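Chain residues, written in single-letter form:
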Amino acid sequence: MEGNFVKEVQVKNMVCPRCVLAVEQSLQQLDIPFEKVVLGKVFFSQPIDENQISQLEQAFGHLGFEILKSKEVQRIEEVKRLLLGLIQQADIQEGFNLTDFIKEHVPEDYSRISHLFSSTEGITIERYFIQLKLDKVKEWLFYEEMQLSEMAWKLSYSSVQHLSSQFKKHIGMTPSAYKKIKKGSAEGWK
């Protein structure tokens, strides 16, 4: 933020296209002109003042979003958005290296970012990335979109066994047990 006016803000917890629509609707309701809204950011047509930022903080708060102010918090959200985008593409190349990926996309010392992430989020970047991957697997299992072997390949697991063991370690059950439970609970709603 420069002076009392800003041309863009970063927004925490925007994780999907519906979030973008919700933010756009809030901006329209508040009659704050904007250029565009993308995951995690709002670009304004003209600089906005502290009063408008206050209005946005309140409106976004009701939606579960938060305007980020510190550079450190913004950097953490940037890393999260990068990783979430990578998972949403679901095409992680064989031999993918998380550290190299972050170094390539975030113009700051990796060890500093890693330490900042861990101290702020209470979890390592690696563990966060594993959680994102396993959440994607749970989604695919629930909707029966593909075989476990294809999931492992798309998320760059070395094998189906590696994916299955990581799933069991972090989720507490095998992918097939998870699928049966989800299928049973879905049938209960019919």
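Anything mentioned here points back to the structure above.
Okay, so let's go over this structure. What you are looking at is a predicted structure, and each value in this text was computed from that prediction instead of being measured.

Criteria and thresholds
- What you see as residue numbers is a count from 1 along each chain, following the sequence as written.
- It should be noted that, the model being predicted, local features are given only for residues of pLDDT at least 70 and side-chain atom pairs only at 80 or more, the latter also being counted only at that level, while totals for whole chains, interfaces and linings use all residues.
- Side-chain numbers here rest on the full set of heavy atoms in the structure, without hydrogens or water.
- Comment: elements are numbered from the N terminus, with helices defined as DSSP H or I runs of at least four residues and strands as E runs of at least two.
- Relative accessibility decides the category of a residue: with a 1.4 Å probe and only protein chains considered, values under 20% of the type maximum give buried, values over 50% give exposed, and everything between is partly exposed.
- When checking whether two residues touch, look at their non-hydrogen atoms; a contact exists if any pair is within 4.5 Å.
- Charged residues are defined here as Lys and Arg on the positive side and Asp and Glu on the negative side; His and the ends of the chain fall outside this count.
- Charge positions are represented by NZ for Lys, CZ for Arg, CG for Asp and CD for Glu.
- Classification of ring pairs rests on two measures: the distance between centres of Phe, Tyr or Trp rings, Trp counted by its six-membered ring, which must be within 6.5 Å, and the angle between planes, read as stacked under 30 degrees, edge-to-face over 60 and tilted in between.
- The rule for a charge over a ring is simple: NZ of Lys or CZ of Arg within 6 Å of the ring centre, and within 35 degrees of the ring normal.
- The pairing criterion is simple: DSSP has to find at least two bridges between the two strands.

**Remarks on the overall build of the chain**
Here comes step 1: In terms of helices and strands, the chain carries nine helices and four strands.
Here comes step 2: Helices (α) and strands (β) of the chain occur, in sequence order from the N terminus, as β-α-β-β-α-β-α-α-α-α-α-α-α.
Here comes step 3: Expressed as lengths along the three principal axes of its C-alpha atoms, the size of the chain is roughly 55 × 50 × 25 Å.
Here comes step 4: Considering the chain as a whole, with its 190 residues, one finds that 37% of them fall into the buried category.
Here comes step 5: Across the chain, contacts joining residues at least 24 apart in sequence account for 61% of those joining residues at least 6 apart.
Here comes step 6: Averaging the locations of the 24 positively and 26 negatively charged side chains of the chain gives two centres separated by 8 Å.

**Some words on the packing of aromatic side chains**
Here comes step 1: On inspection of all chains with the given rule, the structure shows five aromatic pairs.
Here comes step 2: On the numbers, 4.9 Å between centres and 85 degrees between planes, the contact of Phe142 with Tyr143 is edge-to-face.
Here comes step 3: Residue classification places Phe142 among the partly exposed positions, given a relative accessible area of 35%.
Here comes step 4: Grouped by ring-pair contacts, the aromatic residues Phe96, Phe101 and Phe129 constitute a single cluster.
Here comes step 5: Just above the ring of Phe43 sits the side chain of Lys36; from NZ or CZ to the centre is 5.3 Å.
Here comes step 6: The ring of Tyr157 carries Lys133 above its face, with NZ or CZ at 4.1 Å from the centroid.

**Side note on the pairing of strand 3 (residues 41-49)**
Here comes step 1: Bridge analysis of strand 1 (residues 5-12) against strand 3 gives five bridges, and the strand direction is antiparallel. Its bridge partner lying in strand 3, Val9 is registered against Val42.
Here comes step 2: Note: strand 2 (residues 34-38) against strand 3, four bridges, orientation antiparallel. Residue pairing in the sheet places Lys36 in a bridge with Phe43 of strand 3.

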